[in-house]
Structures are given as structure tokens and as C-alpha cells.
Amino acid sequence: MTALFSRPGVTVSVENATLLVEGDVEVTLAADLAASGVKWLKHTELTSVSFDFSRVGKASSAAISVLFEWLRICRQRGIQIQTILFSAPLRRLASLAELDTLIDQPAATLAV
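Small disclaimer: the values here were computed from a predicted structure and weren't measured.

Thresholds applied
Residues numbered from 1 in each chain as written. Predicted model: local features only at pLDDT ≥ 70, side-chain atom pairs only at ≥ 80, totals over all residues. Heavy atoms only, no water. Pairing = 2+ DSSP bridges. Helix = DSSP H or I, 4+ residues; strand = E, 2+ residues; numbered from the N terminus. Axes fitted to C-alpha atoms, helices over the stretch in contact; angles between N-to-C directions. Contact = heavy atoms within 4.5 Å. Phe/Tyr/Trp six-rings, centres within 6.5 Å; stacked < 30°, edge-to-face > 60°. Buried < 20%, exposed > 50% of the residue type's maximum accessible area, 1.4 Å probe, protein only. UniProt positions renumbered as here; feature names shortened; annotations may be inferred. pLDDT = per-residue confidence, 0-100. Salt bridge = Lys/Arg side-chain N within 4 Å of Asp/Glu carboxyl O.

What follows deals with the sheet that holds strand β3 (residues 18-23). Taken in spatial order, the 5 strands make up an open sheet running β1-β2-β3-β4-β5, and their pairing is mixed. Two strands close off the open sheet at either side, each with one partner strand: β1 (2-7) and β5 (80-86). For this sheet, the mean inter-axis angle between neighbouring strands, taken without regard to orientation, is 10°. Looking at chain direction, strand β2 (residues 10-15) and β3 are connected through 6 bridges and run antiparallel. Paired with Glu15 across the strands is Thr18, a residue of β3. Contacting β1, β2, β3 and β4 (48-55), helix α1 (residues 27-43) crosses the sheet at an angle of about 165° to β1.

Right, dumping it as C-alpha cells:
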């Protein structure tokens, strides 16, 4: 596992072809979190990746915005998304925002 971003209470790391977010994503850190993943995505030679937000403890629109930024870069670079994992609180928030399809079938969503 390689750490890409680390602050007290939140980290972004990469393991194999998965970007992992752990901790509580605060609005004040969202841009830096997103940027750490974007930098990695822009330099990777991988053609498919996964995103794992299952270790994010509380629901946060900031975490969703980080995901959207990473998805945007993947789309630009032609990187396919294999899976997106969310913690239960994030899944509830995504469901309220009607983003279930994005989480459950990311490759199909990105192809649109």
C-alpha cells in the first residue's frame, strides 16, 4: 500500500489498482484529497481501477465530490471503473442523492 495523502483522521492510499479513502472526509480537505488521487490517476498506466470509500465513517458530500473528480479524470483518460465501494453512511447519502446506479454499475454509467 502506498500513501498518497495523509492528515490526522484521513488518508488516501493506493493498493494494487484501488484508490482507498479512510477516515472522515471534511470539506476543508476535499480538494487536497481529490488532487492526490488525480495526480496518481494521471500518471498510472492502468486501464481499469476501483475506488474504495468503505472506511469513511460518516456521510459527507465532500467524499462524493472527491469521487466525482476522480471519475472525471478516469473518463478523460479512458480508465474503466471496476467497482466503487461505499461505507453504509455514504451509501445512504448516495441513495438520497439518487446516485445508486453510479455506485452499483460504474462502468455502464461512465459509458453514457
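Considering all chains together, one arrives at 3 aromatic pairs under this definition. Seen in terms of ring centroids, Phe53 and Trp70 are 5.7 Å apart; in terms of plane orientation they differ by 40°. Their pairing is tilted. Taken as a pair, Phe53 in strand β4 and Trp70 in helix α2 (residues 61-77) lie far apart in primary sequence, 17 residues in all. You'll find Phe53 and Trp70 in the same group, each marked buried. Taking 5.6 Å as the distance between ring centres and 75° as the angle between the ring planes, the aromatic pair formed by Phe53 and Phe86 counts as edge-to-face. One end of the pair, Phe53, is in strand β4; the other, Phe86, is in strand β5, and 33 residues separate them in sequence.

As for its position among the elements, Asp100 is in helix α4 (residues 100-104). Expressed as a C-alpha distance, the spacing of Asp100 and Leu46, which sit 54 residues apart in the sequence, is 25 Å. Setting aside residues no more than four positions away along its own chain, Asp100 makes contact with Arg91, Ala94 and Ser95.

For the rest of this paragraph, the subject is the pairing of β1. Here β1 runs beside β2; their pairing, made up of 5 bridges, is antiparallel. The residue of β2 that forms the bridge with Thr2 is Val14.

A few words now on the UniProt feature "domain: MlaB-like STAS" (unreviewed entry) in the protein. UniProt records the feature "domain: MlaB-like STAS" (unreviewed entry) for residues 21-100 in the present numbering. The span residues 21-100 is 55% helix and 22% strand, and its two end C-alpha atoms sit 19 Å from each other.

When pLDDT is averaged along the protein, the result is 90; 90% of the residues meet or exceed 70. Here residues 107-112 scores under 50 on pLDDT; set against residues more than four positions off or in separate chains, the count is 8 contacts.

Under the defined criterion, the tally for this structure stands at 2 salt bridges. Between Glu26 and Lys58 there is a salt bridge, with the nearest N and O atoms lying 3.1 Å from each other. Separated by 32 residues along the polypeptide, Glu26 in the loop between β3 and α1 and Lys58 in the loop between β4 and α2 bring together distant segments of the chain. The exposure class assigned to Lys58 is partly exposed, which follows from its relative accessible area of 37%.

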